[in-house]
Amino acid sequence: MSDTPKSKDPMAVSRRAMMAGSAAFGAALFAPSTLLAQDYPTAEVNVTGLAVTDTTVTVGILHSVTGTMAISETGSVQAEKLAIAQINEMGGVLGRQIEVIQEDGASDWPTFAEKARKLLVSDKVPAVMGCWTSASRKAVLPVFEQNNGFLYYPTFYEGLEQSPNVIYTGQEATQQIIAGLDWVKETKGANSFYLLGSDYIWPRTSNKIARTHIEQFLGGEVVGEDYYPLGHTQFNSVINKIRLRRPDVIYAIVVGGSNVAFYKQLKAAGINMTEEDPILLTISVTEDEILGIGGENMEGAYACMKYFQSLDNPNNIAFVEAFKEMWGEDIVIGDVTQAAYLGPWLWKAAVEKAGSFDVDKVREAQVGIELDTAPEGYVKVHENHHLWSKTRVGLAKADGQYEVVFETAELVEPNPFPEGYQ
Amino acid sequence: MFSDYSMSELGAIFAMQGFAGLILFSVFVLMALGLAIIFGQMGVINMAHGEFMILGAYVTYFTSIFFADYMPALFGTYFFVAMILAFIASGTLGLLVEWSIIRHLYKRPLDTLLATWGLSLILQQLYRTAFGAREVGVTIPSWMMGSMPVTDMIEVPINGIFVMVLAVGISMAVYIMMFRSNWGKQVRAINQNRVMAGAVGINTEWTDRLTFGIGCGVAGVAGSAFTMIGSTGPTAGQLYIVDTFLVVVFGGAGSILGTIASAFSISQAQSIMEFFLSGSMAKVLTLLVVVGILMVRPQGLFSLKLRK
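Throughout, residues of each chain are indexed from 1 in the direction in which the sequence is written. Chain letters and ligand numbers both follow the written order, the letters beginning at A and the numbers at 1. In keeping with the predicted nature of the model, local features appear solely for residues at pLDDT of at least 70, side-chain atom pairs appear and are counted solely at 80 or more, and the whole-chain, interface and lining totals rest on all residues.

Is there a simple way to explain the sheet that holds strand β1 (residues 56-63) of chain A in this structure?
Sheets are built from strands paired through backbone hydrogen bonds, the pairs being either parallel or antiparallel. All names here are of chain A. Read from one edge to the other, the open sheet built from 5 strands follows the order β2-β1-β3-β4-β5, with strand pairing classed as parallel. At either end of the open sheet lies a strand with only one pairing partner, and these are β2 (97-104) and β5 (166-168). Neighbour-to-neighbour, the strand axes of this sheet turn through a mean angle of 25°, independent of strand direction. Where β1 and β2 come together, 8 bridges link them in parallel fashion. Looking across to β2, one finds that G60 is bridged to I101. Contacts between helix α5 (residues 109-122) and the sheet are confined to β1, β2 and β3 (128-130), with β1 contributing the most and set at about 175° to the helix. Any two strands with at least two DSSP-identified bridges between them are counted as paired. A run of H or I in DSSP becomes a helix once it reaches four residues, and a run of E becomes a strand once it reaches two; helices and strands are each numbered from the N terminus. Here the axes come from fitting lines to C-alpha atoms, over the contacting stretch only for helices, and the angles between their N-to-C directions go from 0 to 180 degrees. Throughout, a pair of residues is in contact if the C-beta atoms placed from their backbones lie within 7 Å.

What exactly am I supposed to notice about the pairing of strand β9 (residues 279-282) of chain A here?
The side chains of a regular strand alternate between both faces of the sheet. Residues and elements named next belong to chain A. Alignment of strand β8 (residues 249-253) against β9, held across 4 bridges, turns out to be parallel. From the neighbouring strand, A252 faces β9, where its bridge partner is T282. For β9 and strand β10 (residues 302-305), the ladder comprises 2 bridges, and the chain directions are parallel. Bridge pairing in β10 places L281 opposite Y302.

What is the right way to look at the interface of chain B and chain A in this model?
It is common to give the size of an interface as the accessible area lost on bringing the parts into contact. Every contact between the two is made by 40 residues of chain B and, on the other side, 34 residues of chain A. Of all the secondary-structure elements, those providing two or more residues to the side of chain B that touches chain A are α1 (7-42), α4 (109-131), β2 (155-157), α5 (158-180), α9 (238-251), α10 (256-276) and α11 (279-296) of chain B. The element contributing the most residues to the side of chain B that touches chain A is α1 of chain B, with 7 residues. A per-class count over the side of chain B that touches chain A returns 17 nonpolar, 17 polar and 6 charged. Under this grouping Gly is polar, as are all residues other than the nonpolar Ala, Val, Leu, Ile, Met, Phe, Trp, Tyr, Cys and Pro and the charged Asp, Glu, Lys and Arg.

Explain the sheet that holds strand β7 (residues 221-228) of chain A to me, please; I cannot follow it from the model alone.
Residues and elements named next belong to chain A. Read from one edge of the open sheet, 7 strands run β7-β6-β8-β9-β10-β14-β15, paired in mixed fashion. One side of each edge strand has no neighbouring strand; the edge strands of this open sheet are β7 and β15 (402-407). Along the sheet, successive strands turn relative to each other by an average axial angle of 25°, direction set aside. Sheet strands touched by helix α8 (residues 201-217): β6 (192-198), β7 and β8. Its angle to β6, the strand with the most contacts, is close to 170°.

Any chance you could explain the domain arrangement of chain A here in plain terms?
Residue and element names in this part refer to chain A. Looking at the assigned domains, one finds that chain A contains domain 1 (10-171 + 313-388) and domain 2 (173-305 + 391-407). Contact residues are listed per partner, giving 14 residues for domain 1 and 14 residues for domain 2. Taken together, the residues of the side of domain 1 that touches domain 2 sort by class into 6 nonpolar, 6 polar and 2 charged. Segmentation into domains, and thus their bounds, comes from an automatic or database assignment.

Would you take a moment to explain the nonpolar core for this structure?
Across soluble globular proteins, nonpolar side chains have a tendency to be buried as a group. As used throughout, a nonpolar core is a set of buried Ala, Val, Leu, Ile, Met, Phe, Trp, Tyr and Cys residues joined through C-beta atoms within 7 Å of each other. Here the C-beta atoms are placed from the backbone, and a residue counts as buried if at least 20 other C-beta atoms lie within 10 Å of its own, exposed if 12 or fewer do, and partly exposed otherwise. Ranked by size, the top nonpolar core spans 140 residues in total, and within it Y251 of chain A together with F28, L30 and A32 of chain B carry the most contacts. If you look at the next biggest cluster of nonpolar residues, it comprises 69 residues, including I61, I84, L151 and F323 of chain A.

Can you help me understand the UniProt feature "transmembrane region" (unreviewed entry) in chain B in this one?
Residue and element names in this part refer to chain B. UniProt positions are given in the numbering used here, feature names are shortened, and annotations may be inferred rather than shown by experiment. Using the residue numbers shown here, the UniProt feature "transmembrane region" (unreviewed entry) corresponds to residues 12-40, 52-71, 77-97, 158-178, 210-229, 241-263 and 275-296. Secondary structure over residues 77-97 splits into 95% helix and 0% strand, and the C-alpha atoms at its two ends are 31 Å apart. In residues 158-178, helix accounts for 100% and strand for 0%; the two terminal C-alpha atoms are 30 Å from one another.

Would you explain the pairing of β1 of chain A in this entry?
Burial analysis of β1 of chain A places 7 of its 8 residues in the buried class, which makes it a mostly covered element. A crossover gets the label right-handed when its path from the first strand over the helix to the second runs clockwise, viewed with the strands pointing away from the viewer. On the question of chirality, the crossover connecting β1 of chain A to the parallel β2 of chain A by way of helix α4 (residues 70-89) of chain A is right-handed.

I'm lost on α4 of chain A in this one. Help?
An α-helical segment advances 3.6 residues per turn. Residues three or four places apart therefore align on the same side. Residues and elements named next belong to chain A. To estimate how far a helix should reach, multiply one less than its number of residues by 1.5 Å. The terminal C-alpha atoms of α4 lie 28 Å apart, and with 20 residues this matches the ideal 28 Å at 1.5 Å per residue to within 8%. Counting buried positions over the 20 residues of α4 gives 17, a clear majority of the element. One or two residues past the end of α4 sits G91, with phi positive at roughly 115°.

Would you take a moment to explain helix α6 (residues 134-146) of chain A for this structure?
Residue and element names in this part refer to chain A. With 13 residues, α6 should reach 18 Å at 1.5 Å per residue; the first-to-last C-alpha distance of 19 Å fits that figure. The principal kink in α6, of about 35°, is found at V140, preceding the proline P142 by one to four residues. Inspection of α6 places S136, R137, A139, V140, V143 and F144 among the buried residues, and these make up the whole buried set. In this structure, the buried residues of α6 make contact with α5, β4 (151-153) and β5. The reported bend at a residue is simply the angle between two axes, fitted to the 7 residues ending at it and to the 7 residues beginning with it.

Quick question: what am I supposed to make of the packing of α10 of chain B against α11 of chain B here?
Each packed pair of helices is defined by two parameters, the angle between the axes and the distance between the axes. All names here are of chain B. The contact between α10 and α11 brings their axes to 8 Å, and the two run at 145°. Viewed along their axes, α10 and α11 form a crossing whose handedness is right-handed. From α10, I266, A269, Q270, M273 and E274 reach across to α11, where they touch G279, A282, L285, T286, V289 and V290. A breakdown of the residues in the contact of α10 with α11 according to their chemical character gives 7 nonpolar, 3 polar and 1 charged. Should the near helix be turned counterclockwise from the far one by less than a right angle, the crossing is left-handed, whereas a clockwise turn marks it as right-handed.

Whenever I open this one, the environment of D335 of chain A confuses me. Can you help?
Residue and element names in this part refer to chain A. Mapped onto the secondary structure, D335 falls in helix α14 (residues 335-354). Given 31 C-beta atoms within a 10 Å radius, D335 is considered buried. Along the primary structure D335 and D39 are separated by 296 residues, whereas in three dimensions their C-alpha atoms are 37 Å apart. The contact partners of D335, leaving out residues within four places of it in the chain, are F156, T286, M305, K306 and Y307.

I tried to follow the confidence of the model for chain B on my own but got confused; where do I start?
Atom-level detail of predicted coordinates should not be read off regions where pLDDT is low. All names here are of chain B. Known as pLDDT, the predictor's confidence for each residue is given on a scale from 0 to 100. Per-residue pLDDT for chain B has a mean of 88; in total, 97% of the residues score no lower than 70. Of all helices and strands in chain B, the one with the weakest mean pLDDT is strand β1 (residues 147-149) (80), whereas helix α3 (residues 78-100) scores best (95). In the predicted complex, the global pTM is 0.84; the interface-specific ipTM is 0.81.

Take a look at the structure:
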């Protein structure tokens with residue numbers, strides 16, 4: 001299926017057909033400030049031979065829609081398509097409708113690199129929204145740097161990276177970890193922590209930061225640290241270890257299918273998270289994952305993210321409504337899905353500030369771009385290509401949603417290379 | 001590491017840890033029995049074993065929804081219905097697969113590996129298309145959740161006991177079928193000498209199909225039971241396949257008893273090591289020991305004496 005050159009979103013097609021007849025009229029009526037394509041001649045906004053015509057611009061979406069990562073990446077694809085459809089409805093970017101070429105990374109890292117090369121070299125897209133795991137991002141990074149592509153990467157990740165060719169719309173590790181630990185120390189008086197994770201780079205790096213912060217800045221104690229292979233499904237032994245050490249907080253960064261096994265077994269073993277004995281704090285369970293775990297198994301746990309579907313602000317209410325209208329009433333929206341939604345909007349803002357689709361100019365314009373329409377609230381692009389954003393703590397409820405119990409007063413500065421933590 | 005704890009605490013922890021090992025053992029037995037029948041008795045390397053399990057899990061999911069919508073009063077009992085339906089669904093799919101693919105490959109056992117691997121990819125994508133890429137959450141009846149306090153310190157998860165009882169029950173059923181029924185006799189005869197078995201009037205084609213179907217059906221029941229402890233998604237079957245083959249190969253292909261012995265030793269070793277070491281390290285050591293033993297004893301722990 002990935003050989004099909006253009007897999008267009010059917011809704012976008014009909015909308016495009018509708019717009020074609022009355023582009024100028026529609027633009028004038030709905031969004032008076034919309035930029036018109038004739039004010040930005042293609043020869044000027046595209047000097048590097050990108051996929052830009054007088055009426056359209058083609059961007060790439062590169063996620064896994066098959067294979068094991070499809071579980072996680074589906075939400076990102078949906079969010080990006082929603083953002084693009086909304087941008088098109090408002091008149092597009094520099095008066096040009098966005099068309100999408102979607103490629104399937106198939107949960108396979110070399111495939112990601114190959115498809116990225118195809119998008120950049122033969123399709124000449126000015127921007128790609130894509131990747132989810134760090135492994136896939138590392139696989140496409142050299143391709144983007146060699147061909148001067150531009151990638152919007154949505155996932156919260158371990159940091160330790162800053163590429164001129166990537167905008168990281170999720171949180172790097174310190175943004176997600178430190179405020180949450182401070183919160184659990186201050187409001188719950190937690191002193192001892194049990195760190196737990198799946199065995200790969202993100203949980204290990206994150207726990208390293210968490211341990212440093214706990215031991216050196218909070219004066220707390222780490223009573224255990226354990227890693228299990230990806231896909232591990234038996235957690236009874238570690239649950240016994242947790243009982244033995246009696247930590248105040250279980251700090252869990254378990255991912256994928258293991259997640260479901262871990263929380264089900266935790267509940268079955270009689271560890272009652274609603275009584276906060278011990279408190280469970282996680283940075284790896286969004287609303288998406290709770291679908292698989294089951295709200296009744298997750299109830300009472302705390303998650304530290306920047307976005308929850310239940311956020312009560314006008315941007316988010318409109319976003320959730322539009323998302324459900326496009327993709328179905330039962331759908332849930334997790335942290336990464338929201339971050340993926342920001343990608344096309346950040347790109348649009350940068351292109352219009354630069355008055356050009358050319359990657360070098362967009363990159364220059366991107367730093368400092370502010371977005372006050374983001375569902376998570378106001379965000380701003382830092383010069384290190386990550387976003388300033390708030391950190392929030394949510395309490396899981398039985399219906400699978402989080403109730404926001406804490407948010408940082410200020411935006412947290414992204415710090416992908418935290419000194420003293422590595 | 002033990003100096004901080006009193007003797008009674010330590011005793012409780014070891015009791016619970018032993019129980020954790022027994023649960024792991026039961027899980028391994030459930031995973032491996034279906035494969036032991038297919039791989040052991042027929043020599044078919046069924047890489048799609050995990051996908052047959054997940055079919056059972058999805059059947060459980062839909063049964064739970066059906067009960068919640070139409071018979072909420074009986075919700076507490078849906079799990080038993082679900083397991084029977086899972087056996088029928090996975091078993092039927094198994095019969096179909098045997099008829100359409102496997103029977104053409106009996107003379108080329110290594111090709112069954114490729115064919116069933118392809119089948120597993122096809123099934124994964126089918127599940128994804130039909131049921132969505134996201135994992136589904138199976139609601140477990142409340143009486144099966146939680147734990148039973150035995151003493152102040154020791155608590156035993158109820159679903160763990162359920163898995164253990166199920167593992168024992170299915171092992172007994174398989175044992176009776178293999179060694180006490182006519183079908184079992186025919187299966188073993190075919191395993192020993194296919195041509196001769198055919199010559200004395202055993203319908204080898206039908207016996208093969210039934211064997212494959214029963215093996216897949218048992219996988220379906222295992223998948224159904226695992227909705228209590230694991231995830232249900234299109235690719236969740238992949239989580240189990242490596243451990244399953246490990247148990248069957250280590251136990252000695254062809255021997256049901258070997259499978260059980262192997263499940264016991266691997267689960268206990270892993271469970272004990274997980275307690276003292278990190279989880280990843282425990283896995284590494286377990287695999288190293290298994291590889292070491294298989295180098296000395298390639299036929300596995302137990303092996304049948306066959307006339308080749």
